[in-house]
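So you can see what is in the structure, the chains are spelled out below.
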Amino acid sequence: MKFHKEGYTSLALVVLFIFIINAVADYYDANQIIKWFLYAVSAFLFIVIVQFFRSPIKKIQIDADAVLCPVDGKVVVIEETEENEYFKDKRIQVSIFMSPINVHVTRNPISGIVTFFKYHPGKFLVAWHPKSSTDNERTTIVVKKDNGVEVLFRQIAGALARRIVWYVKEEQPVTQGDEFGFIKFGSRVDVFLPLGTKINVAIGDKTVGGKTVIARF
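This one's a predicted model, so the numbers in the text were calculated from it and none came from an experiment. (Residues numbered from 1 in each chain as written. Predicted model: local features only at pLDDT ≥ 70, side-chain atom pairs only at ≥ 80, totals over all residues. Heavy atoms only, no water.)

### Structural notes on the sheet that holds strand β11 (residues 173-174)
Right, so step 1: Spatially, the 8 strands line up as an open sheet ordered β11-β7-β8-β9-β13-β5-β4-β15, and their pairing is antiparallel. The sheet is open, and its two borders are formed by β11 and β15 (206-207), each paired with just one other strand.
Right, so step 2: Summarising the sheet, strand β4 (residues 73-83) and strand β5 (residues 89-98) pair through 9 bridges and their orientation is antiparallel. Bridge pairing links E83 to D89 in β5. (Pairing = 2+ DSSP bridges. Helix = DSSP H or I, 4+ residues; strand = E, 2+ residues; numbered from the N terminus.)

### Regarding the UniProt feature "active site" (unreviewed entry) in the protein chain
Right, so step 1: As recorded in UniProt, the sites labelled "active site" (unreviewed entry) are S187.
Right, so step 2: Inspection of the secondary structure assignment puts S187 in strand β13 (residues 187-193).
Right, so step 3: Using a relative accessible area of 0% as the deciding quantity, one classes S187 as buried. (UniProt positions renumbered as here; feature names shortened; annotations may be inferred. Buried < 20%, exposed > 50% of the residue type's maximum accessible area, 1.4 Å probe, protein only.)

### Let's talk about the domain arrangement of the protein chain
Right, so step 1: Domain annotation of the protein chain identifies domain 1 (2-55) and domain 2 (66-216).
Right, so step 2: Counting from both sides, the interface comprises 9 residues of domain 1 and, opposite them, 15 residues of domain 2.
Right, so step 3: Around 990 Å² of area is buried between domain 1 and domain 2 when both sides are counted, 56% of it from carbon and sulfur atoms.
Right, so step 4: Area buried by domain 1 at its contact with domain 2 is led by E6, F52 and R54, which between them contribute 58% of it. (Domains from an automatic or database assignment. Contact = heavy atoms within 4.5 Å. Buried area = accessible area lost by both parts, 1.4 Å probe.)

### A look at the pairing of strand β12 (residues 179-183)
Successive residues of a regular strand alternate their side chains across the two faces of the sheet.
Right, so step 1: The buried fraction of β12 amounts to 4 of the 5 residues, a majority that puts the element mostly inside the structure.
Right, so step 2: Pairing of strand β6 (residues 105-107) with β12, which is carried by 3 bridges, proceeds in the antiparallel orientation. Opposite T106, over in β12, you have G181 as the bridge partner.
Right, so step 3: Note that strand β10 (residues 164-166) and β12 share 3 bridges and pair antiparallel. Paired with V165 across the two strands is F182, which belongs to β12.

### Quick look at the side chain of S10
Right, so step 1: Relative to the assigned elements, S10 resides in helix α1 (residues 8-27).
Right, so step 2: Excluding residues within four positions of it along the chain, S10 makes contact with I49, F53 and K184.

### Let's talk about the pairing of β5
Right, so step 1: Among the 10 residues in β5, 8 count as buried, and that is most of the element.
Right, so step 2: Here β4 folds back onto β5, and the loop between the two strands holds 5 residues, one of which, K88, carries a positive phi near 55 degrees.
Right, so step 3: As paired elements, β5 and β13 share 7 bridges and run antiparallel to each other. Residue pairing across strands places I96 opposite V189, the latter belonging to β13.

### A look at α1
Right, so step 1: A rise of 1.5 Å per residue sets the reference length of α1, with its 20 residues, at 28 Å; its end C-alpha atoms lie 28 Å apart and thus fit the reference within 8%.
Right, so step 2: Within α1, the full set of buried residues consists of S10, V14, I18, I21, N22 and A25. In an axial view of α1, the angular spread of the buried residues amounts to 95 degrees, which keeps them on one side of the axis. More than 90 degrees from the buried face of α1, the exposed residues found are Y8, T9, L13, F19 and Y27.
Right, so step 3: Of the surrounding elements, those touching the buried residues of α1 are α2 (32-52).
Right, so step 4: Taken from the residues just after α1, D29 is the one with a positive phi, measuring 50 degrees. (Expected span 1.5 Å × (residues − 1). Arc of directions from axis to C-beta.)

### Section: the sheet that holds β12
Right, so step 1: Reading across from one edge, β6-β12-β10 is the order of the 3 strands in this open sheet, with antiparallel pairing throughout. Looking at which strands have only one partner, the edges of the open sheet turn out to be β6 and β10. Between one strand and the next, the sheet's axes are offset by a mean angle of 25 degrees, whatever the strand orientation. (Axes fitted to C-alpha atoms, helices over the stretch in contact; angles between N-to-C directions.)

### Quick notes on the packing of aromatic side chains
Right, so step 1: In this structure the tally under the stated criterion is 9 aromatic pairs.
Right, so step 2: Considering the side-chain rings of F53 and F182, the 5.6 Å spacing of their centres and the 10 degrees angle between planes classify their relative orientation as stacked. Residue F53 is located in the loop between α2 and β2 (54-55), and its partner F182 is located in strand β12; the two are separated by 129 residues in the primary sequence.
Right, so step 3: F182 sits in the buried class, given a relative accessible area of 0%. (Phe/Tyr/Trp six-rings, centres within 6.5 Å; stacked < 30°, edge-to-face > 60°.)

Okay, structure coming up:
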């Protein structure tokens, strides 16, 4: 387990806040009840930040025929739908909701070349809202496998997630299971697969990023 680099600033701000409120309490010689309350709040804030930005060290088993789940979370959508941004045809959509207690590292579901990338500013609807996939702040990434099959996946901001981070660009080769980004504080990832892809998960299933096989070609 390690602390993710995207959390350094948040951790520094929390530590500074903890230091200031406790220093003020000591300076004004607050009573013991107030001091213990502040200690409890300080510990809670520190634990929340550390657990949110935790990044488990994983050994990824690469499988060319598999689509690995990009994130930890719960499967909330499996449906045939029209993908209108890139493919402009019908695809199988698999969506995974990430709560604030999940690991928020996002990983490449397949290996290949990034053929399309776009960042969309937008709203901050709750991540499970049907329109969050098209109206919220999001990124769209398409990766093409060696055999020409393309998979599209989106990082989608939620009501609390106000910052999406990505580490990929067009024409870049990516490896299945490697990090392609990070989303802060509750969010969702949509994966769009070719029709006929065998789906290996069901609605409500818990997933582990880089481990759970959500589909097979």
